[in-house]
Structure formats: structure tokens, C-alpha cells
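Summary of structural features
Listed below are the residues making up each chain.
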Amino acid sequence: MPKCWEGHRLCRESCRKRHPECTYCEAPAALQSPVLVCRQCSWWLVCSTCAKRPRLPKIRLDPLFFGPNTPRLLPSTTTPDHRATAGSIIICPGGNYQFLVPHEGPPVAEYFAQKGFRAYVLRYRLLPKYDFEDMQQDLEVAAQLLRQTFRGPVCALGFSAGGHLVASVGLRTSQATRPLEAQALVYPCIDGRDWADEDTCGFWGDDFDECFRKAGKTQQCGAVACVDG
């Protein structure tokens, strides 16, 4: 049975007025339509259409969670015709630089692969063991590797913290050395200074203090680009 982000099991029932929108697609669910809801998180609802989406792999089988100390490009399972492909795209999932969000990775790569792109998910290194400089290096090296291996442009698409990563790499390189031909930022964390503020950093869990210290130190030394407005 599917679960919400808090780990509670979702229950099948008819949509009620207090559950108006789907958590995933944000479309209003028709009253009395079959939905999945979390009875502990009153705001969590999955409409009948989104409930049919393919399930993500179990964590023990998901390559995003293997080798956190080893950055890697994870290819899509769909292999486009390399003779006709439009170029390469690197998907950078979000996760506040503490983890990688599964549904912002492989499903997105599959979509672009079906459109004819060579699509890869970047498993970049994370806080608190690594800092923003390491993460930016991971993206730069990934782009260089794809350009050396294949012809055509290289684009990076980032979600949330992944969007901040893509934008930061774009800002800190010159036109002559820029590793990316294009960027796509999806609800990006635009201003990296948030990670140096205890009230807005969003870090959580046992690693909070170390993540906050590492992020603040990195900000002070100017290693992270902040994209204002």
C-alpha cells in the first residue's frame, strides 16, 4: 500500500470536501471520486489518476541510495537512437542537499529519453560529509564526461536544491569554460543564503548541526553562487 512522505499508509476512500486537491498534480478531485488519503496528514490526497502512476523502486533497489560517497551518472532505462538524439540532459534531483528525491530523478530521465534525449540522473554528493564545492564539481565533471563521450549539447535540469546546483555552476564559470549549453530550473532554491540561516535552512534529523555548520562555512568563503531574483 502506498504511503505519504511521513511514512503513513494511505487509505482508499471517496473524496470529501476537506480533501480538495491532489498532492501530486494539484488538480481538484471530484467529490465522491475514489482517492487515496492519509488519515493522519489531513492535507495528503492522491487522485485516481495519480494513484495509477508506476511505483518507484524500493529503497534497497534504488540506485539513488547506493554509494553516497561516489558521484555517478545513472542512465535511463530507455535507450534513444544516438544517431538521431537531440543531445544529453543531466537531471539533478532536489532534497535540500541532504538527500535525493526519487520522483525527481529516474521518472524524469525516462520522460526525456522517450523524447529522444540521452538522459542521466546525477547522484551528486551530499551534506554533511561533503560541501557545495564538491557538488558543483560533480555536475561539472558529469557534463564534461558526456561532452567527451557524445556529440551534441549538454543541458542540466535541476529541481529545488538541484536547481540551485545547476544555476551555481552556470554562474561560477566563464563563457569560454561554461560546461552547459542550457539550464532548466524547476522550483529552484534561488538564493543559497537560506542555507546559512538557522530559521530557513530546512535541515533536519541528527545531521542538522553538521549540515548547518558546513553550509554556513561554505557561504562565508564564497564558494556558493547566490542567484538573486
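Residue indices follow the written sequence of each chain, beginning from 1 at its first position. Restriction of local features to residues with pLDDT of at least 70 applies here, the model being predicted, together with a cutoff of 80 or more for giving and counting side-chain atom pairs; totals for whole chains, interfaces and linings are based on all residues. Water and hydrogen atoms play no part in the side-chain values, which are based on all heavy atoms of the structure.

As annotated in an unreviewed UniProt entry, the protein is Alpha/beta hydrolase fold-3 domain-containing protein from Durusdinium trenchii.

Quick look at a negative patch on the surface
Threshold: Here a patch means residues that are over 30% exposed by relative accessible area and free of salt bridges, tied together within 9 Å if like-charged and within 5 Å if nonpolar (Val, Leu, Ile, Met, Phe, Trp, Tyr). Residue burial considers only the protein chains on display, and all accessible areas are found by Shrake-Rupley using a 1.4 Å probe. Any Lys or Arg side-chain nitrogen found within 4 Å of a carboxyl oxygen on Asp or Glu counts as a salt bridge. In this count, Lys and Arg are taken as positive residues and Asp and Glu as negative ones, while His and the chain termini are left out. Working definition for charges: the position is that of NZ of Lys, CZ of Arg, CG of Asp or CD of Glu. Numbering of helices and strands runs from the N terminus; a helix is a DSSP stretch of H or I covering at least four residues, while a strand is a stretch of E covering at least two. Under the scheme applied here, a residue whose accessible area is under 20% of the maximum for its type counts as buried, over 50% as exposed, and between as partly exposed, the area being computed with a 1.4 Å probe on protein chains only.
A cluster of like negative charges, contributed by D194, D197, E198, D199 and D209, occupies part of the molecular surface. Along the chain, D209 falls in helix α4 (residues 208-220). Judged by its relative accessible area of 60%, D209 falls in the exposed class.

Here's the deal with helix α1 (residues 106-114)
Quick note on the threshold: Residue contacts follow a heavy-atom distance rule, with two residues in contact if any of their heavy atoms lie within 4.5 Å.
Those residues of α1 not exposed but buried are V108, A109, E110, F112 and A113. Buried-residue contacts for α1 involve β5 (88-92), β6 (118-123) and β7 (154-159). Two residues or fewer after α1 comes G116, characterised by a positive phi angle close to 100 degrees.

Things to note about a nonpolar patch on the surface
A contiguous nonpolar surface patch, about 290 Å² in accessible area, is contributed by I59, F65 and F66. Within the secondary structure, I59 sits in the loop between β3 (45-46) and β4 (72-75).

Points about helix α2 (residues 132-149)
Inclusion rule: To estimate how far a helix should reach, multiply one less than its number of residues by 1.5 Å. Each polar contact in these results corresponds to two N or O atoms within 3.5 Å; when the atoms are within protein, one needs to be able to donate a hydrogen and the other to accept it, and residues that are neighboring in sequence are counted only if both atoms are side-chain atoms.
With 18 residues, α2 extends 26 Å between its outermost C-alpha atoms, agreeing within 8% with the 26 Å of an ideal straight helix rising 1.5 Å per residue. Listed as buried for α2 are F132, D134, M135, Q136, D138, L139, E140, A142, A143 and L146. Between the side-chain oxygen of the N-cap and the backbone nitrogen of E133 there are 3.1 Å, and the N-cap of α2 in question is D131.

Quick notes on the pattern of salt bridges
The tally for this structure, following the rule as stated, stands at four salt bridges. D138 is the partner of R125 in a salt bridge, and the nearest nitrogen-oxygen pair spans 2.8 Å. Pair noted here: R125 is in the loop between β6 and α2 and D138 is in helix α2, with a separation of 13 residues, a long-range link. What makes R125 buried here is its relative accessible area of 13%. Among the ionic pairs, R147 bridges to E181, the shortest N-O distance being 2.6 Å. Taken as a pair, R147 in helix α2 and E181 in the loop between α3 (161-172) and β8 (182-186) lie far apart in primary sequence, 34 residues in all. Assessed through its relative accessible area of 29%, R147 is described here as partly exposed. On the accessibility criterion, E181 (48% relative accessible area) is partly exposed.

Some words on the confidence of the model for the protein
Put simply, the rule is: Per-residue confidence from the predictor is given as pLDDT, running between 0 and 100.
Residue-level pLDDT values for the protein average 84, and 88% of them are 70 or greater. Taken as a whole, residues 220-229 scores under 50 in pLDDT and shows 26 contacts with residues more than four places along the chain or in a different chain.

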